Amino acid sequence: MTELFYDDDADLSIIQGRKVAILGYGSQGHAHALSLRDSGVDVRVGLPEGSQSRVKAEGQGLRVVSPAEAAAEADVIMVLVPDPIQGKVYEESIKDNLKDGDALFFAHGFTIRFDLIKPPANVDVCMVAPKGPGHLVRRQYQEGRGVPCIVAVEQDASGNAFALALSYAMGIGGTRAGVIKTTFTEETETDLFGEQAVLAGGVSALVKAGFETLVEAGYQPEIAYFECLHELKLVVDLMYEGGLEKMRWSISETAEWGDYVTGPRIITDATKAEMKKVLGEIQDGTFARNWINEYNAGLPRYNEYKKADSDHLLETTGRKLRQLMGWVHDEV
Ligand code: NDP
Ligand code: MG
Ligand code: MG
């Protein structure tokens, strides 16, 4: 059974009684640091000398020290640096600064789930993962609302780790919206699977294959771009608001019929079998091992893939077309 927790289930005074270090000041880091501070929590930000983010954090009125000093001062240490470098930051700045009763916090379970960080037995290990980008987390907090969070305890050394995690979630507005209890394993494996099979990997490959099919059949790339990429936003917005049902209610009956009869010919039993293999490689650590090796090698294949897709006709066509559509916000 899914367990949900709200403001009434949480006690903000727990986190207000602790000293919190936020390591990193990117998407999540800035949102956590600023909202905890506004919730009356004692916050310091840990960033290396020369980090771009230092200027930003100091400009927003936060005290910035080195990651090691932050970890030493604090008794709750939230690790909000990019996942592939968390192991290094832990070894260099956190490990030797952990005291009995400290708590190590994460917003994603990757490094704990795949044993890239092995905390000692005398500290709590918790996760508070907002289900949205940091800028939305911060904006919702400022507007008196919140982004739902998922919360987990991997190691409960104090016996009060879950109450502490709920209190932290309250400090960033999460319990205003609702908090769901999970585990590091469930969060990490479902997050990786979702982004690979559906949200990023699945969608990108589907859009590219559809676009290529039309262009190879002689249709204009501009028309193919509209049909296979641009209109995706309308469909996703409807799904977001009301599931597949609302999307199907809004599109034409012809489109809905095509959805039923053609969808299963595109995403076939073979696709689902491959999805199961992908999930297996996430679960057995193969994906994590390959990704960390790639990262440590300086991202050679990652950069190759990025370049190839940047030069793809889909992207060059899209860049030109978006200039004709002033209302489409193109940040890249
Ligand atoms: P970002 O890439 O946005 O920010 C990383 C921050 O870490 C930057 O401020 C960077 O500073 C800083 N940094 C880099 N190296 C170090 C170091 N050695 N010591 C201290 N700080 C350092 O990260 P995200 O906010 O996206 O991700 C943080 C965590 O949150 C990850 O675990 C991620 O999985 C999780 N998460 C992210 C979500 C999101 O929406 N982005 C959603 C939910 C979870 P600099 O300016 O110098 O580069
Ligand atoms: Mg992810
Ligand atoms: Mg159409």
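Per chain, residues are indexed from 1 in the order of the written sequence. Written order determines the labels here, with chains lettered from A and ligands numbered from 1. Totals for whole chains, interfaces and linings use all residues, but because this is a predicted model, local features are given only for residues with pLDDT of at least 70 and pairs of side-chain atoms are given and counted only at 80 or more.

Participant: Could you clarify how one ought to interpret the overall build of the chain in this entry?
Facilitator: Where helices and strands are cited, they refer to DSSP runs of H or I of at least four residues and of E of at least two residues respectively, numbered from the N terminus. A tally of helices and strands in the chain yields 18 helices and nine strands. The C-alpha radius of gyration of the chain comes to 22 Å, within 12% of the 20 Å expected for a compact globule of 332 residues. Its C-alpha atoms put the chain at 65 × 45 × 40 Å along the principal axes. Considering the chain as a whole, with its 332 residues, one finds that 32% of them fall into the buried category. Any two residues are considered in contact once their C-beta atoms, placed from the backbone, lie within 7 Å. Considering only contacts within the chain whose residues lie at least 6 apart along the sequence, 66% involve residues at least 24 apart. We compute the radius of gyration from the C-alpha atoms alone; for a globule the expected value is 2.2 Å times N to the 0.38, where N is the number of residues. Each residue is classified by how many other C-beta atoms fall within 10 Å of its C-beta atom, where C-beta atoms are placed from the backbone; a count of 20 or more means buried, 12 or fewer means exposed, and values in between mean partly exposed.

Participant: Teacher, can you tell me more about the pairing of strand β6 (residues 103-106) here?
Facilitator: On a regular strand, one side chain projects to one face of the sheet and the next to the other, so that they alternate. Here β6 shows a buried face lined by A103 and F105 and a second buried face lined by L104 and F106. A pair of strands is considered paired only if DSSP assigns at least 2 bridges between the two. With four bridges connecting them, strand β5 (residues 76-79) and β6 associate as parallel partners. Its bridge partner lying in β6, V76 is registered against A103. Crossover handedness is defined by viewing with both strands directed away from the observer: a clockwise path from the first strand over the helix to the second marks the crossover as right-handed. Since β5 and β6 lie parallel, the crossover through helix α5 (residues 86-94) that links them has a hand, and here it is right-handed.

Participant: I would appreciate a short explanation of the domain arrangement of the chain in the present structure.
Facilitator: In many analyses, interface size is given as the accessible surface area lost on bringing the parts together. Throughout the structure description, domain borders are defined by an automatic or database domain assignment. Per the domain assignment, the segments making up the chain are domain 1 (4-183) and domain 2 (191-322). Taken over C-alpha atoms, the centre of domain 1 sits 32 Å from the centre of domain 2. On the domain 2 side, the residues contacting the four residues of domain 1 number five residues.

Participant: In this structure, what is going on with the site of ligand 1? I would like to understand it.
Facilitator: Any residue qualifies as near a molecule or strand once its backbone-derived C-beta atom lies within 6 Å of it. Among the 26 residues in the neighbourhood of ligand 1, the closest are listed as G24, G26, S51, S53 and H108. Among the secondary structure elements, those contributing two or more residues to the shell around ligand 1 are α2 (27-38), α3 (52-59) and β7 (124-130). With three residues, α2 is the largest single contributor of residues to the shell around ligand 1. Its residues placed into classes, the shell around ligand 1 shows 14 nonpolar, 11 polar and one charged. Under the scheme applied here, ten amino acids are nonpolar (Ala, Val, Leu, Ile, Met, Phe, Trp, Tyr, Cys and Pro), four are charged (Asp, Glu, Lys and Arg), and all others, including Gly, are polar.

Participant: It is not clear to me how helix α14 (residues 253-266) should be interpreted in this structure. Could you clarify?
Facilitator: Count 3.6 residues to each turn of an α-helix, and residues three or four apart come out pointing the same way. Between its first and last C-alpha, α14 extends 20 Å over 14 residues, near the 20 Å set by a 1.5 Å rise per residue. Of all bends in α14, the biggest is about 35°, found at Y260, and the proline P264 comes one to four residues later. The element α14 is largely exposed, with a buried count of zero among its 14 residues. How far a helix is expected to stretch is found by multiplying one less than its residue total by 1.5 Å. Fitting axes to the seven residues that end at a residue and to the seven that start at it, the angle between those axes gives the bend at that residue.

Participant: What is the right way to look at unusual backbone geometry in this model?
Facilitator: A positive phi is found at D115, a non-glycine position, where the angle reads about 60°. Inspection of the secondary structure assignment puts D115 in the loop between α6 (110-113) and β7. The exposure class assigned to D115 is exposed, which follows from the 10 C-beta atoms found within 10 Å.

Participant: Explain the sheet that holds β7 here, please?
Facilitator: To summarise the sheet geometry, strands pair through backbone hydrogen bonds and adopt either a parallel or an antiparallel arrangement. Taking strand neighbours across the sheet as the criterion, the nine strands line up as β1-β9-β8-β7-β6-β5-β2-β3-β4 in an open arrangement whose pairing is mixed. Only two strands of the sheet have a single neighbouring strand rather than two, namely β1 (4-5) and β4 (64-65). Pairing of strand β3 (residues 42-46) with β4, which is carried by two bridges, proceeds in the parallel orientation. Bridge pairing links G46 to V65 in β4.

Participant: Where do I start with the UniProt feature "active site" (unreviewed entry) in the chain in this structure?
Facilitator: UniProt records the feature "active site" (unreviewed entry) at H108, using the numbering of this structure. Along the chain, H108 falls in the loop between β6 and α6. The residues contacting H108, other than those within four sequence positions of it, are D83, A129, T188 and D191. UniProt positions are given in the numbering used here, feature names are shortened, and annotations may be inferred rather than shown by experiment.

Participant: What should I look at first to understand the UniProt feature "binding site: NADP(+)" (unreviewed entry) in the chain in this one?
Facilitator: Feature annotation in UniProt assigns "binding site: NADP(+)" (unreviewed entry) to the following positions: Y25, G26, S27, Q28, S51, S53 and G134. By secondary structure assignment, the location of Q28 is in helix α2. The residues contacting Q28, other than those within four sequence positions of it, are L80, A107 and G134. Here S51 lies in the loop between β3 and α3. Looking at S51, the number of C-beta atoms within 10 Å reads 17, which means it is partly exposed.

Participant: Sorry, what's going on with the packing of helix α12 (residues 221-230) against helix α18 (residues 313-322) here?
Facilitator: The packing of two helices is summarised by the inter-axis angle and the distance between the axes. Relative orientation of the contacting elements α12 and α18 amounts to 95°, with a least axis distance of 9 Å. On the basis of their axis angle, the class for α12 and α18 is roughly perpendicular. Contact residues: P221, E222, Y225 and L229 in α12; L313, L314, T317, G318 and L321 in α18. Its residues placed into classes, the contact of α12 with α18 shows six nonpolar, two polar and one charged. Every angle, taken between N-to-C directions, lies between 0 and 180 degrees, and every axis is a line fitted to C-alpha atoms, over only the stretch in contact when it is a helix. Under this scheme an angle from 65 to 115 degrees is roughly perpendicular, one under 35 degrees roughly parallel, and one over 145 degrees roughly antiparallel; angles in between are oblique.

Participant: Is there a simple way to explain the nonpolar core in this structure?
Facilitator: Nonpolar side chains in soluble globular proteins generally cluster together in the buried interior. In plain words, the nonpolar core is the set of buried Ala, Val, Leu, Ile, Met, Phe, Trp, Tyr and Cys residues that C-beta atoms within 7 Å link up. Judged by nonpolar contacts, the single largest core of 61 residues is most densely connected at I77, F105, C126, V128 and A169. Here the element with the most residues in this core is helix α8 (residues 161-171); it accounts for seven residues. Apart from residues no more than four positions distant in its own chain, I77 is found in contact with A21, L23, A71, I94, D102, L104 and F105.

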